[in-house]
Amino acid sequence: MTLDATLARIDAGLPAAIERLLELLRIPSISTDPAYAAECDRAADWLVADLNALGIEAEKRKTPKHPMVVGHVPGDGPHILFYGHYDVQPVDPLTLWDRDPFDPAIEDTAKGKVIRGRGSSDDKGQLMTFVEACRAWKEVHGTLPCRITFFFEGEEESGSPSLVPFLEANKDELKADIALICDTGLFESRVPAIMTQLRGLCGEEIILTGPDKDLHSGMYGGAAINPARVLTRILGNLFDDTGRIQIPHFYDGVPDLPEDIAAQWQALNFDHGSFLGDVGLSTPAGEQGRTPLEMLWSQPTAEINGIIGGYTGDGFKTVLPSQASAKVSFRLVGSQDPHAIRKNFRAWVEAQLPDDIKVSYVEHGASPASQMATDHPAFEQARAALGAEWGHEAAFTGCGGSIPVAGYFKSILGMDTMLVGWAKDDDQIHSPNEKYDVESFHKGIRSWARILDAIR
Ligand code: BES
Ligand code: ZN
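What you are looking at is a predicted structure, and each value in this text was computed from that prediction instead of being measured.

Calculation notes
- Residues numbered from 1 in each chain as written.
- Chains lettered and ligands numbered in written order.
- Predicted model: local features only at pLDDT ≥ 70, side-chain atom pairs only at ≥ 80, totals over all residues.
- Heavy atoms only, no water.
- Helix = DSSP H or I, 4+ residues; strand = E, 2+ residues; numbered from the N terminus.
- Contact = heavy atoms within 4.5 Å.
- Areas by Shrake-Rupley, 256 points an atom, 1.4 Å probe, with all protein chains shown as cover.
- Lys, Arg positive; Asp, Glu negative; His and termini not counted.
- Charge placed at Lys NZ, Arg CZ, Asp CG, Glu CD.
- Donors = N, O, S within 2.8 Å, 3.2 Å for Na, K, Ca; no water.
- Tetrahedral: all angles 85-135°; square planar, octahedral: opposite > 155°, others 65-115°.
- Buried < 20%, exposed > 50% of the residue type's maximum accessible area, 1.4 Å probe, protein only.
- Salt bridge = Lys/Arg side-chain N within 4 Å of Asp/Glu carboxyl O.
- Pairing = 2+ DSSP bridges.
- Axes fitted to C-alpha atoms, helices over the stretch in contact; angles between N-to-C directions.
- Polar contact = N/O pair within 3.5 Å; in protein donor to acceptor, adjacent residues only side chain to side chain.
- Near = heavy atom within 4 Å.
- Expected span 1.5 Å × (residues − 1).
- Parallel < 35°, antiparallel > 145°, perpendicular 65-115°, else oblique.
- Left-handed = near helix turned anticlockwise from the far one by under 90°.
- Nonpolar A, V, L, I, M, F, W, Y, C, P; charged D, E, K, R; others polar.

Novice: Let's hear about the overall build of the chain: which residues, and what values?
Specialist: From N to C terminus, the chain includes 13 helices and 19 strands. Counting only C-alpha atoms and orienting by the principal axes, one finds that the chain spans roughly 80 × 50 × 50 Å. Sequence separation of 24 or more characterises 79% of the internal contacts of the chain that already satisfy a separation of 6 or more. Working note: accessible area of the chain is about 20000 Å², and carbon and sulfur atoms make up 50% of it. Taken together, the 41 basic and 66 acidic charged side chains of the chain have centroids lying 2 Å from each other.

Right, here's the structure in full:
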């Protein structure tokens, strides 16, 4: 049977594939919020049932938090492991959505048809591109092209607390020749990309407490310390005027960009004007002297993800808050150690605390950056396959986001990873009105069929 028969099957089956994706999108599997634990479980059950429907032996595997889904297809040729995550980000602020995030639909937009809903792009839509490619392959050939392990996680968006123990405990079962992850995007929404590096992440919540209750700011203001003032001063000290992060030893392990990579990135001709313009911005805001792609891919960051404190309701309240807190995260590169970053951040915070302010912290995940080796033959095979589907040679790029599992596949299982995906820059992942282009879904499925055909 030819590849063309599989591609034709994919084209004919697209409406049914979209219906299946919509079903999965209706399950609000928000991993970070304990109120949605049962929904995460339901999403895992849905995936098990869908793999079973394909004749694949699969099961839900318990962890202390949300279950993993593992399935196996025996076969000859290379053994690949496919990874995706079925959990999604929270949807707030709900008022900014034009529809219920978990009542997904196909919408016609000026740029074409999109699948609108939380998780459509990150990562349920992407995950299903691989499953649908397998379905079409099976329908045409009666079998799958090679030995495949399916591995779906339900905690990716919340720091993957169960991942390392799970990989440690199931090494032999999960180790394959290469891992394929579909959780990244196209370069500038057009060019197929194989991402060769991911940033790591260290998430930290810092809570400052001053007076033992909220106070009248006229009665106490001036004499009583205000934790919001202390917090904003500390956060304001994170950067100097050139955009360099001020935490001692923060840059330990940040490598210089190798010349060959710098040249590769230069050749991509990244249009940062339109990248920022699309979100209402104009000027790259990273460290002075860095190119925009370095700021995004090879430099670390410190971001304030949220600040909480005092009266934030309607109207006005002259209050001096008892507490102020912030959620802060650091994107890491090279060999920066997330645990050292946390330790150094805390020491730096504590050195700036005045009398009467107490501090506590909540950890929110720590994963190092990872660098992919690209010498496995699958990389060149995939590159050719992607070029044929997208009409544009695939690029090797960096990635600003984090997918902790890729690093652990290497460090725990000794397995290289190839990152390919079909998300577009304007998919609004983690934001209101997330969408996935029908084109991404359709050509993504076709791309996987081509990749499977090339590497089997
Ligand atoms: N799919 C993203 C990673 C990503 C983002 C790839 C942008 C390409 C471009 C992934 O699901 C994600 O958002 N990961 C989190 C991980 C974190 C919570 C540990 C991230 O990067 O914030
Ligand atoms: Zn994702």
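Next comes the rest of the description.
Novice: Which residues make up the coordination of the zinc ion (ligand 2), and what values go with them?
Specialist: Protein coordination of the zinc ion (ligand 2) is provided by His 85 (NE2), Asp 122 (OD), Asp 183 (OD) and Asp 183 (OD), with donor distances spanning 1.8 to 2.6 Å. Considering all 6 donor atoms around the zinc ion (ligand 2), angles at the metal cover 54 to 162° and the coordination shape is irregular. Mapping the donors of the zinc ion (ligand 2) onto the primary sequence gives the spacing H-x36-D-x60-D. Separated by 37 residues along the polypeptide, His 85 in strand S3 (residues 79–85) and Asp 122 in the loop between strand S5 (112–116) and helix H3 (124–141) bring together distant segments of the chain. Exposure remark for Asp 122: the relative accessible area of 8% places this residue in the buried category.

Novice: Let's hear about the pattern of salt bridges: which residues, and what values?
Specialist: Counted by the stated rule, this structure contains 36 salt bridges. Here Lys 171 makes a salt bridge to Glu 168, at a shortest N to O gap of 3.8 Å. We classify Glu 168 as partly exposed; its relative accessible area is 43%. The shortest N-O distance in the salt bridge between Asp 453 and Arg 456 comes to 2.8 Å. Judged by relative accessible area, which is 46%, Arg 456 ranks as partly exposed. It is possible to trace a salt-bridge network through shared partners that takes in Lys 111, Lys 424, Asp 426, Asp 427, Lys 435, Asp 437 and Glu 439.

Novice: Account for the sheet that holds S5, naming residues and giving values.
Specialist: If you walk across this open sheet you meet the 3 strands as S4-S5-S19, and the pairing is antiparallel. Where the open sheet ends on each side, the last strands, each with one partner, are strand S4 (105–109) and strand S19 (435–437). Averaged over all pairs of adjacent strands, the angle between their axes in this sheet comes to 35°, without regard to strand direction. As judged from the 5 bridges shared by S4 and S5, these two strands associate in the antiparallel manner.

Novice: Can you break down the environment of Gln 126 residue by residue, with the values?
Specialist: Here Gln 126 shows up in helix H3. For Gln 126, a relative accessible area of 1% translates into the label buried. Sequence separation between Gln 126 and Cys 182 is 56 residues, and the spatial gap between their C-alpha atoms is 5.8 Å. Polar side-chain contacts of Gln 126 include one of 3.5 Å to the backbone nitrogen of Ala 423.

Novice: Would you mind going over the sheet that holds strand S10 (residues 200–209) in detail, with residue names and values included?
Specialist: Ordered by their spatial adjacency, 4 strands build an open sheet running S12-S14-S10-S15, and the pairing between neighbours is antiparallel. For this open sheet the edge positions go to strand S12 (301–309) and strand S15 (358–367), each flanked by a neighbour on one side alone. Each strand of the sheet is rotated relative to its neighbour by a mean of 15°, with strand direction disregarded. For S12 and strand S14 (residues 323–332), the ladder comprises 8 bridges, and the chain directions are antiparallel. When the bridges of S14 are listed, Thr 301 appears paired with Arg 331. Taken strand by strand, helix H6 (residues 227–236) contacts S10, S12 and S14, and its axis lies near 15° from that of S14.

Novice: Which residues make up the site of ligand 1, and what values do they have?
Specialist: Taken together, 15 residues lie near ligand 1, and Glu 156, Asp 183, Arg 331, Ser 402 and His 430 sit nearest. Glu 156 has a polar side-chain atom sitting 2.7 Å from an oxygen atom of ligand 1. A distance of 2.7 Å separates an oxygen atom of ligand 1 from a polar side-chain atom of Arg 331.

Novice: Which residues make up the pairing of strand S1 (residues 57–61), and what values go with them?
Specialist: Of the pairings in the sheet, the one linking S1 to strand S2 (residues 68–73) comprises 5 bridges and is antiparallel in character. Bridging across to S2, Ala 58 finds its partner in Gly 71. Hairpin remark: S1 followed by S2, antiparallel, with 6 residues in the connecting loop.

Novice: Can you break down H3 residue by residue, with the values?
Specialist: Across its 18 residues, H3 extends 25 Å between first and last C-alpha, which sits within 8% of the 26 Å expected from 1.5 Å per residue. The buried fraction of H3 is high, at 15 of 18 residues. Phi turns positive one or two residues past the end of H3, at Gly 142, with a value near 85°.

Novice: Can you lay out the packing of helix H2 (residues 37–53) against H3 for me, pointing to particular residues and giving the numbers?
Specialist: One can describe the packing of H2 onto H3 by two numbers: an axis separation of 11 Å at closest approach and a directional angle of 20°. With respect to each other, H2 and H3 are oriented roughly parallel. Crossing handedness for the pair H2 and H3: left-handed. Here H2 contributes Trp 46, Leu 47, Asp 50 and Leu 51 to the contact with H3, which in turn contributes Leu 127, Met 128, Val 131 and Arg 135. Of the residues assigned to the contact of H2 with H3, the class counts are 6 nonpolar, no polar and 2 charged.

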